[in-house]
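Each chain, letter by letter, is given below.
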Amino acid sequence: MKKEETVSSAQMACLFLSFMLGSANINMPQPLAEAANNGAWLSVIIANGYGMFLLACVFFLYRKNPDLTFIDVSRKILGKWITVCISIPILLLLLLMLSNIVVDIGGFLTTAMMRETPPYVFHSLILLVAAMSVRAGFEVMARMFVMLLIYMTLFSVSVLLLTIPFYQAGNLLPVMPDGIKPVIHGTYMVLGFPYSELILFSLLLPFVRKEKNNKLKKYMFSVLLIQGFLLVISVLCSIMALGPLAGTFKYSLFQLARLINIREIITRIESFIGIALIVGSYMKASITLFILKETLARVLKMSDERIIIFPVAFIALLLSLTMYKSEIEHADIVLVVWPLFITIVVVLPLLIITFLTLFMGKKIESK
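As the structure is a prediction and not an experimental result, all values here were calculated from the model. (Residues numbered from 1 in each chain as written. Predicted model: local features only at pLDDT ≥ 70, side-chain atom pairs only at ≥ 80, totals over all residues. Heavy atoms only, no water.)

J.: Sorry if this is basic, but what is going on with the overall build of the protein here?
T.: Summing up its helical and strand segments, the protein has 15 helices and two strands in all. Its C-alpha atoms give the protein a radius of gyration of 20 Å, within 12% of the compact-globule value 21 Å for 367 residues. Its C-alpha atoms put the protein at 70 × 45 × 45 Å along the principal axes. A total of 367 residues make up the protein; the buried ones form 55% of that total. (Helix = DSSP H or I, 4+ residues; strand = E, 2+ residues; numbered from the N terminus. Rg over C-alpha atoms; globule rule 2.2 N^0.38 Å. Buried < 20%, exposed > 50% of the residue type's maximum accessible area, 1.4 Å probe, protein only.)

J.: When you look at the side chain of Asn38 in this model, what are you seeing that I'm missing?
T.: Along the chain, Asn38 turns up in the loop between helix 3 (29-36) and helix 4 (40-64). For Asn38, a relative accessible area of 13% corresponds to the buried category. At 2.9 Å, the side chain of Asn38 and the backbone oxygen of Pro174 are in polar contact. What Asn38 contacts, discounting residues up to four positions off in sequence, is Asn171, Leu172, Leu173, Pro174, Val175 and Ile239. (Polar contact = N/O pair within 3.5 Å; in protein donor to acceptor, adjacent residues only side chain to side chain. Contact = heavy atoms within 4.5 Å.)

J.: Please explain helix 5 (residues 70-78) as it appears in this structure.
T.: Given 3.6 residues per helical turn, the α-helix brings residues three or four places apart onto the same face. Residues of helix 5 that are buried include every one of Phe70, Ile71, Asp72, Val73, Ser74 and Ile77, and no others. Two residues or fewer after helix 5 comes Gly79, characterised by a positive phi angle close to 100 degrees.

J.: Hey, could you run me through the packing of helix 8 (residues 138-162) against helix 11 (residues 216-242) in this one?
T.: For any two helices packed against each other, one specifies the inter-axial angle together with the distance between the axes. For the pair helix 8 and helix 11, interaxial distance at closest approach is 11 Å and the crossing angle is 35 degrees. Both helix 8 and helix 11 take part in a crossing whose hand is left-handed. Residues Thr153, Val157 and Leu160 of helix 8 pack against Leu230, Ile233, Ser234 and Cys237 of helix 11. Class assignment of the residues belonging to the contact of helix 8 with helix 11 gives a composition of five nonpolar, two polar and no charged. (Axes fitted to C-alpha atoms, helices over the stretch in contact; angles between N-to-C directions. Left-handed = near helix turned anticlockwise from the far one by under 90°. Nonpolar A, V, L, I, M, F, W, Y, C, P; charged D, E, K, R; others polar.)

J.: How should the pattern of salt bridges be read in this particular structure?
T.: Side-chain pairs of opposite charge can arise where the charged atoms are in close proximity. Applying the stated rule across the entire model yields six salt bridges. One salt bridge in this structure joins Lys284 and Glu197, with 2.4 Å as the shortest N-O distance. In this pair, Lys284 sits in helix 13 (residues 270-300) while Glu197 sits in the loop between helix 9 (181-192) and helix 10 (198-201), placing the two residues 87 residues apart along the sequence. Judged by its relative accessible area of 3%, Lys284 is buried. Accessibility expressed as a relative area gives 3% for Glu197, which makes it buried. Across the pair Lys293 and Glu305 runs a salt bridge whose closest N-O atoms are separated by 3.9 Å. Taken together, the positions of Lys293 in helix 13 and Glu305 in the loop between helix 13 and helix 14 (309-322) put the pair twelve residues apart, joining distant regions of the chain. By relative accessible area, which is 5% here, Lys293 ends up buried. Given a relative accessible area of 11%, Glu305 falls into the buried group. Several salt bridges converge on common partners, so that one network encompasses Asp72, Arg75 and Arg298. (Salt bridge = Lys/Arg side-chain N within 4 Å of Asp/Glu carboxyl O.)

J.: Even after reading the chapter, I still don't get the packing of helix 7 (residues 119-136) against helix 14, so can you show me in this structure?
T.: Relative orientation of the contacting elements helix 7 and helix 14 amounts to 155 degrees, with a least axis distance of 10 Å. On the basis of their axis angle, the class for helix 7 and helix 14 is roughly antiparallel. The crossing of helix 7 and helix 14 is right-handed. Contacts between helix 7 and helix 14 pair Tyr120, His123, Ser124, Leu127, Leu128, Ala131, Met132, Val134 and Arg135 from the former with Ile309, Phe310, Ala313, Ala316, Leu317, Ser320 and Leu321 from the latter. (Parallel < 35°, antiparallel > 145°, perpendicular 65-115°, else oblique.)

J.: So what exactly am I meant to see when it comes to the packing of aromatic side chains here?
T.: One pair of aromatic rings is described through two measures. These are the centre distance and the angle between the planes. Under the definition given, this model contains twelve aromatic pairs. Aromatic side chains Phe16 and Phe201 sit 5.1 Å apart centroid to centroid with 40 degrees between the ring planes, which places their arrangement in the tilted category. Of this pair, Phe16 sits in helix 1 (residues 9-21) while Phe201 sits in helix 10, and the two are 185 residues apart along the sequence. Taking the relative accessible area as the measure of exposure, Phe201 reaches 1% and is therefore buried. Arranged with centres 5.5 Å apart and planes meeting at 40 degrees, the rings of Phe19 and Phe201 form a pair that is tilted. Of the two residues, Phe19 is situated in helix 1 and Phe201 in helix 10; the sequence distance between them amounts to 182 residues. In this structure an aromatic cluster arises from ring pairing among Phe16, Phe19 and Phe201. Positioned over the ring face of Trp81 is Lys80, at 5.0 Å from the centre of the ring. Lys284 extends its terminal NZ or CZ atom over the ring of Phe19, reaching a point 5.1 Å from the ring centre. (Phe/Tyr/Trp six-rings, centres within 6.5 Å; stacked < 30°, edge-to-face > 60°. Lys NZ or Arg CZ within 6 Å of the ring centre and 35° of its normal.)

Structural data, given as structure tokens:
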């Protein structure tokens, strides 16, 4: 990757938190509660441990080759043509991922806030702003996203605190009324979104500025723990406040915000959560588009990768408008197909490359 733009370890950690939180804290509590019932929070804990394992594999490769991504390491170990066969599905996955993020934003706005506005308006605006952000550069994105991350986290946590009077701890029992299978089902869903996606974010690690006391690894693992904690709290609060209906109401935090009414002074604050969802999804869409741009430029060996930003965004726009006939079809793809797809396309290659690097490291270094 080009090194004209670099960010500090702390900035990269903030970008990682933006990428992992994205819209997960608002989108995932409902399907998790529907699949795993009261054990949804256990699914998140298990998936977070899985994410820790994947992040450990990423940093093992990063420690061996700090200037290379796992795709570059694949080229070094497996050769050019096998790496091309690995890279093409990853490019397709990134494009589909970008389109799905935009579909999610459009679906939220058209169902919860602006029902009379056609989806293509929101899809176009989000992709346009994301493309302009990517064109502005990685350093600009890193500085801006720190402020947006603070806003998103502040309002999400505020809603959870203001809805404390509605919590009933009894709704959390029994923890596993139908046994372990629903918990495993919930774990499967959250593995694909967002935990397996952290491997895609690792393609940005070479952009980290070389520092004397590099704390990137410490920061990244801390961020993953924080993200897991926030998601567990969101799931627990949704179940305690909504009870059996937690698996019915989509966008759980948005529904919780509607409950808040403090002496008719603090009321109708769901719009702030709506903005937080849009901000989180915008940040994730921008980071995804940047990763897609960089990876595609490396595969095509382009000297100026900025020229492909808007064409790629336009293709994502077309996909977002034509891929799904309904929200139910979109939800089925994201929750059922996506975890399997990303495991085959991204997780398995990472594990194979990690295994080969671990047991063939000396032979590879001698080449």
